[in-house]
Amino acid sequence: MANLKEIRNRITSVSSTMQITSAMKMVSAAKLKKAQDAITAMRPYAEKLTELLQSLSASLEGEVGGAFTTQREIKKVLVVVITSNRGLCGAFNSNVVKQAKVIADSYAGKQVDIFTIGKKGNDVLRKTHEVVENRSDVYDDLTFDNVAQIAEHLTNLFTTGVYDRIEIVYNQFKNAATQIVQTEQFLPLAPLVGAVTASSDYIFEPSKEEIVITLIPKSLKTQLYKSIRDSFAAEHGARMTAMHKATDNATELRNQLKLTYNKARQAAITNEILEIVGGAEALNN
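Conventions and cut-offs
Residues numbered from 1 in each chain as written. Predicted model: local features only at pLDDT ≥ 70, side-chain atom pairs only at ≥ 80, totals over all residues. Heavy atoms only, no water. Helix = DSSP H or I, 4+ residues; strand = E, 2+ residues; numbered from the N terminus. Buried < 20%, exposed > 50% of the residue type's maximum accessible area, 1.4 Å probe, protein only. Contact = heavy atoms within 4.5 Å. Areas by Shrake-Rupley, 256 points an atom, 1.4 Å probe, with all protein chains shown as cover. Polar contact = N/O pair within 3.5 Å; in protein donor to acceptor, adjacent residues only side chain to side chain. Pairing = 2+ DSSP bridges. Axes fitted to C-alpha atoms, helices over the stretch in contact; angles between N-to-C directions. Salt bridge = Lys/Arg side-chain N within 4 Å of Asp/Glu carboxyl O. Phe/Tyr/Trp six-rings, centres within 6.5 Å; stacked < 30°, edge-to-face > 60°. Lys NZ or Arg CZ within 6 Å of the ring centre and 35° of its normal. Patch = residues over 30% accessible without salt bridge, like charges linked within 9 Å, V, L, I, M, F, W, Y side chains within 5 Å. Core = buried A, V, L, I, M, F, W, Y, C linked by side-chain atoms within 4.5 Å.

(A) Local environment of the overall build of the protein chain. For the protein chain, the count of helices and strands is five helices and five strands. Every one of the 285 residues in the protein chain was classed for burial, and the buried ones make up 39%. For the protein chain, contacts bridging at least 24 residues in sequence account for 79% of all contacts bridging at least 6. Accessible area of the protein chain: about 15,700 Å², with a carbon and sulfur share of 53%.

Here is the structure:
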């Protein structure tokens, strides 16, 4: 059994860890509320924009998406991997990285490059894959305008023929305890099927074609921004849950160490008493 000093040191260490994890849990809980409100407020807009684009596209004949819908032979693929800049959030980052590797492996014989948003994904994937660019700085000021610049860059990479397909992998926020790994095709735009045709009672100004061409770039920017916002909220939910479990585990370990310490101390006291009694009896004899 470890001596009393070692056990006391472990109790002090575990207690300090418990205070840190508890503080991190409260910080993530506070940040989660703001991030959750942001993605909850944005989702209806993003969904309505997609619905409008589908409705208009379904009422048109032929190709109206131009370069955004061009289906080319797939030779080069870009996978946009959205992770966090910090760890201590359970399997949040590893799940996305694992899915990114699965996608890369699915394009056997093709050139697959990685575009990372988040430091953690970049640190892992650059060891095994070709990471062409990392934009961890977007979290320093997460606004639509900053994300729109990244979306425009990705769009240019596709329209100029640098890549034949671009996919996004990220964690979708469901609730504080649940994050769902999502894979979405960013470009080319997937065929819009099952959409409700826009009513002929509407008068469009400008024409439907012009509206669709205008909506597509905005829809792509919104899609990327929603994905990053989703991941940002999911990160804080995952970290809050992970720190909650870590605090519970530290509390349980501390209690076990205290019990061990009390048993060791009691054993030491008992031994001292026995030694005193033994010594007294020896003197009496």
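Once the structure has been displayed, the description carries forward.
(B) Broad picture of the side chain of Ser 15. Here Ser 15 shows up in helix α1 (residues 4–58). For Ser 15, the side chain forms a polar contact with the main-chain oxygen of Ile 11, separated by 2.8 Å.

(C) Expanded view of the sheet that holds strand β1 (residues 76–82). Taking strand neighbours across the sheet as the criterion, the five strands line up as β3-β2-β1-β4-β5 in an open arrangement whose pairing is mixed. If you trace the sheet from one side to the other, it starts and ends with β3 (130–134) and β5 (178–187), each paired once. Across the sheet, the mean angle separating the axes of adjacent strands is 25 degrees when strand polarity is ignored. Pairing of β1 with strand β4 (residues 165–175) involves five bridges; the strand directions are parallel. Counterpart to Val 81 in the pairing with β4 is Val 169. Its contacts with the sheet put helix α5 (residues 208–284) on β1, β2 (111–117), β4 and β5, and the angle it makes with β4 is roughly 40 degrees.

(D) Seen up close, the pairing of β5. The pairing of β4 with β5 spans nine bridges and is antiparallel. Within the sheet, the bridge partner assigned to Ile 168 lies in β5 and is Glu 184.

(E) Spatial organisation of the pattern of salt bridges. Throughout the structure, instances matching the rule amount to nine salt bridges. With a closest N to O distance of 3.0 Å, Glu 152 and Lys 221 form a salt bridge. Of this pair, Glu 152 sits in helix α4 (residues 144–159) while Lys 221 sits in helix α5, and the two are 69 residues apart along the sequence. With a closest N to O distance of 3.7 Å, Lys 226 and Asp 230 form a salt bridge. Here Lys 226 pairs with Asp 230, and both are found in helix α5, just four residues apart, close to one helical turn.

(F) Representation of the packing of aromatic side chains within the structure. With the rule as written, the count across this model stands at two aromatic pairs. We note Arg 72 situated over the ring of Phe 158; from NZ or CZ to the ring centre the distance is 4.4 Å. In this structure, Lys 76 is placed above the aromatic ring of Tyr 163, and the distance from its NZ or CZ to the ring centre is 5.2 Å.

(G) Here's a closer look at a nonpolar patch on the surface. On the surface, Ile 269, Ile 273 and Val 277 cluster together into a nonpolar patch covering about 230 Å² of accessible area. Assignment of secondary structure puts Ile 269 in helix α5. Overall, Ile 269 belongs to the partly exposed group, its relative accessible area being 37%.

(H) View of the side chain of Gln 223. With respect to the helices and strands, the residue Gln 223 is situated in helix α5. The exposure class of Gln 223 is buried, given its relative accessible area of 17%. Among the polar contacts made by the side chain of Gln 223, one reaches the side chain of Glu 184 at a distance of 3.1 Å. Contacts of Gln 223, omitting those with residues within four sequence positions, involve Ile 168, Glu 184, Gln 185 and Phe 186.

(I) Geometry of the nonpolar core. Ranked by size, the top nonpolar core spans 33 residues in total, and within it Ile 117, Leu 154, Phe 186 and Leu 224 carry the most contacts. Among the elements of the structure, α1, β1, β2, α4, β4, β5 and α5 are those that each provide at least two residues to this core. Those residues in contact with Leu 154 that sit more than four places away from it in its chain are Leu 78, Val 80, Phe 115, Ile 166, Phe 186, Leu 187 and Leu 224. Core analysis: the next-biggest nonpolar cluster, separate from the first, contains 15 residues, Ile 74, Ala 100, Val 112 and Val 169 among them.

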